Amino acid sequence: MAIKNQDPSGKTTSDSFFLPERYFSRLSRVDIAKDLLDAHLLYVLLDIDNTILRRDTHEVPRDIVAWLARAKEAGVSICLLSNNWHANVLELAQTLDLPIVAKALKPLPFGYLRALSKLGAKRKQTVVIGDQLLTDVAGAHLLGMRAYLLAPLVEQDLTHTLLLRNIERTLLKDAQPEGGIAAQSLLEVHEQGREL
């Protein structure tokens with residue numbers, strides 16, 4: 001679902017700075033041909049925690065591993081970009097055979113610029129994919145790049161991130177991700193007594 005607001009001239013409005021160009025239920029719902037290559041996006045700066053790595057089990061789901069392999073085969077270059085500073089993200093990058101910029105300080109531009117440099121990427125051909133509006137999306141837009149938001153893989157998160165999720169819900173309003181219901185919406189659906 002495209003949720004970013006534009007004025008009649010096609011320019012992004014100020015209230016949409018934190019809104020992504022697209023919103024997906026998970027990474028495997030991003031169509032490599034249509035949503036990346038056809039959109040001239042050859043480079044991906046990819047968040048880790050709760051985007052590709054589950055917070056509860058600390059595992060990368062099989063569909064995401066398969067998506068990463070297909071993207072590489074299609075010629076898409078990917079760099080992991082994380083605010084995490086623990087050794088496990090460096091080990092994950094090595095396991096996935098992907099370059100990484102850890103301690104990125106998102107949404108500040110430094111980590112994004114380092115990741116772009118590692119890939120030899122141009123901003124107009126790059127999309128940032130992550131699960132947070134206030135870090136991943138805002139950082140992408142600060143540098144004039146596109147951003148795809150993913151619903152977090154699980155509801156479990158760091159305490160400060162859970163607080164930011166309330167702000168995200170306000171910004172997203174009733175937007176639903178392409179490919180399914182967002183993880184943060186599952187609890188709300190169950191509380192309302194509706195079946196999925």
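Notes on the structure in this doc start here. Note that the structure is a prediction, hence the values are computed from the model and not measured.

A word on the pairing of strand S5 (residues 126-130)
Here comes step 1: The buried count for S5 comes to five of five residues, which makes it a mostly enclosed element.
Here comes step 2: Side-chain alternation along S5 places Thr126, Val128 and Gly130 on one buried face and Val127 and Ile129 on a second face that is also buried.
Here comes step 3: Note: strand S2 (residues 43-46) against S5, four bridges, orientation parallel. Directly across from valine 44, in S5, lies its bridge partner valine 127.

Examining unusual backbone geometry
Here comes step 1: The omega torsion across lysine 106 and proline 107 is 15°, close enough to zero to call that bond cis.
Here comes step 2: Looking at where proline 107 falls in the secondary structure, it is placed in the loop between strand S4 (100-101) and helix H4 (109-119).
Here comes step 3: The backbone phi angle of leucine 105 is positive, close to 60°, even though this residue is not glycine.
Here comes step 4: Checked against the element boundaries, leucine 105 lands in the loop between S4 and H4.
Here comes step 5: Given a relative accessible area of 52%, leucine 105 falls into the exposed group.

Rules used in this analysis
- Residues numbered from 1 in each chain as written.
- Predicted model: local features only at pLDDT ≥ 70, side-chain atom pairs only at ≥ 80, totals over all residues.
- Heavy atoms only, no water.
- Buried < 20%, exposed > 50% of the residue type's maximum accessible area, 1.4 Å probe, protein only.
- Helix = DSSP H or I, 4+ residues; strand = E, 2+ residues; numbered from the N terminus.
- Pairing = 2+ DSSP bridges.

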